[in-house]
Amino acid sequence: MLFRSQDIDYVAELKKGVKGLKIAFSPNLGYIKVVDPRIADEIARAVKVLSDAGAIVEAADPGFPDPAWAIDIIWRASNAKRLTRMAPEQIKLMEPALLECGVSGLGIPATDFIAAQDVRLDMARTMKLFHNKYDLLVTPTMPIVAFDAGIVTPDKAKFPTWLHWSPFTWPFNMTRQPAASCPAGFVDRLPIGLHIVGPMFREDLILRASAAFEAARPFKMARG
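Just so it is clear, the model here is predicted, and its values are computed rather than measured.

1. Focus: the side chain of S210
Right, on to step 1. Looking at the element boundaries, S210 is found in helix α9 (residues 203–216).
Right, on to step 2. The residues touching S210, leaving out its near neighbours within four places in the chain, are A180, C182 and I196.

Have a look at this one:
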């Protein structure tokens, strides 16, 4: 079954807080090599807010290996499909890096695409088992602070593509899980986020945790 209808009063759920929820904290998903230590420290303090609010917080990684190669294939193949539906005048307007991504995807073998989809399905199964033990997973939203607009990556040596500077978020696009990013402080006067991931169809849990975190640590813009 792809979709499940639930009669949930999401506003009422916000008032339940996180007491008793079992939350896994993974600072690097078990394989991410580059995480700004200042962000890691801030997120560790943010996670303690949930613990202080009554959640049962444990350090735990989801258990799947780095799936960057698989999402790269799926992403490029998906953009290649979009190209086949676009008129030439539309293609001329595309951002160069996105166009290159789609063009490169036209040559991906079907066997590679199926192998990438198998990885996605394995990840989804792994996360289903993970959430049998944990209600939620929390991580940093990003491993680095925000960089200038208009560039694809801030450091090609450390982050060859966008996949490498956003490694906490897209894995859960692959598994089709809901998630939220809560403002969790500042590094270099730039905002960072606490990433809260829930099981499929359990947006209510994510919203409960987000509301509890916001109530305990209201977001304030940096000044000066």
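So, next bit.
2. Looking at helix α5 (residues 96–105)
Right, on to step 1. Taken together, the buried positions of α5 are occupied by C101, G102 and G105. End-on, the buried residues of α5 take up no more than an arc of 95°, which puts them together on one face. Exposed side chains of α5 directed beyond 90 degrees from the buried face belong to P96 and E100.
Right, on to step 2. The inward-facing, buried residues of α5 abut α3 (68–84).
Right, on to step 3. Here α5 starts with a cap whose side-chain oxygen sits 3.1 Å from the backbone nitrogen of A97, and that cap is E95.

3. Concerning the sheet that holds strand β1 (residues 22–25)
Right, on to step 1. If you walk across this open sheet you meet the five strands as β2-β1-β3-β5-β4, and the pairing is mixed. The open sheet has two edge strands with one neighbour each: β2 (56–59) and β4 (179–187). Between one strand axis and the next, the sheet turns through 30° on average, direction left out of account.
Right, on to step 2. Across four bridges, β1 lies against β2 in parallel orientation.

4. A look at the packing of α3 against α5
In a packed pair of helices, the relevant descriptors are the angle between the two axes and the axis-to-axis distance.
Right, on to step 1. Following both chains from N to C, one finds α3 and α5 inclined at 95°, their axes separated by 7 Å at the closest point. Viewed along their axes, α3 and α5 adopt a mutual orientation that is roughly perpendicular. Of the residues in α5, those touching α3 at W75, R76, A77, N79, A80 and L83 are L98, L99, C101, G102, V103, S104 and G105.
Right, on to step 2. Along the lines of polarity and charge, the residues of the contact of α3 with α5 split into eight nonpolar, four polar and one charged.

5. So, the pairing of strand β5 (residues 190–197)
Right, on to step 1. Taken across its eight residues, β5 has six buried, putting it largely inside the fold.
Right, on to step 2. Sheet topology note: the strand β3 (residues 136–140)/β5 ladder contains four bridges and is antiparallel. Residue pairing for β5: V138 is matched across the bridge by I196.
Right, on to step 3. Adjacent in sequence and paired antiparallel, β4 and β5 are bridged by two residues, among which D188 carries a positive phi angle near 55°.

6. Things to note about unusual backbone geometry
Right, on to step 1. The phi dihedral of L29 falls on the positive side, at around 60°, and the residue is not glycine.
Right, on to step 2. Here L29 is to be found in the loop between β1 and α2 (37–52).
Right, on to step 3. When its relative accessible area of 1% is taken as the criterion, L29 is described as buried.
Right, on to step 4. One non-glycine residue with positive phi stands out, namely R176, at about 65°.
Right, on to step 5. Here R176 falls in the partly exposed class, since its relative accessible area comes to 42%.

7. Quick word on the packing of aromatic side chains
Right, on to step 1. This model, assessed by the stated rule, comprises six aromatic pairs.
Right, on to step 2. A centroid spacing of 4.9 Å and a plane angle of 85° characterise the contact between F147 and W165, whose relative ring orientation is edge-to-face. Note that F147 is positioned in the loop between β3 and α7 (162–165) and W165 in helix α7, a separation of 18 residues in sequence.
Right, on to step 3. A relative accessible area of 26% places F147 in the partly exposed class.

The rules behind these values
Note that residues are indexed from 1 along each chain, following the sequence as it is written. Local features in a predicted model are, by the rule used here, given only for residues with pLDDT of at least 70; side-chain atom pairs are given and counted only at 80 or more, and totals for whole chains, interfaces and linings are based on all residues. Hydrogens and water molecules were not included; the side-chain quantities draw on all heavy atoms of the structure. Segments assigned H or I by DSSP are reported as helices when at least four residues long, segments assigned E as strands when at least two residues long, and all are numbered from the N terminus. Contacts: residue pairs with any heavy atoms within 4.5 Å of one another. Per-residue accessibility, obtained with a 1.4 Å probe over protein chains only, is compared with the maximum for each type, and a residue is labelled buried under 20%, exposed over 50%, and partly exposed between these values. Arc definition: directions from the helix axis to the C-beta atoms. Two N or O atoms count as a polar contact when they lie within 3.5 Å, although within protein this holds only if one can serve as hydrogen donor and the other as acceptor, and sequence-adjacent residues are included solely when both atoms are side-chain atoms. Strand pairing requires that DSSP identify at least two bridges connecting the strands. Each axis is a line fitted through C-alpha atoms, and for a helix only the stretch in contact is used; angles between axes span 0 to 180 degrees, taken between their N-to-C directions. Small angles under 35 degrees read as roughly parallel and large ones over 145 as roughly antiparallel, with 65 to 115 read as roughly perpendicular and the rest as oblique. The classification used treats Ala, Val, Leu, Ile, Met, Phe, Trp, Tyr, Cys and Pro as nonpolar, Asp, Glu, Lys and Arg as charged, and all other residues, Gly among them, as polar. Here the aromatic set is Phe, Tyr and Trp, taking the six-membered ring for Trp, and pairing holds for ring centres within 6.5 Å; pairs whose planes are under 30 degrees apart are stacked, those over 60 apart are edge-to-face, and all others are tilted.

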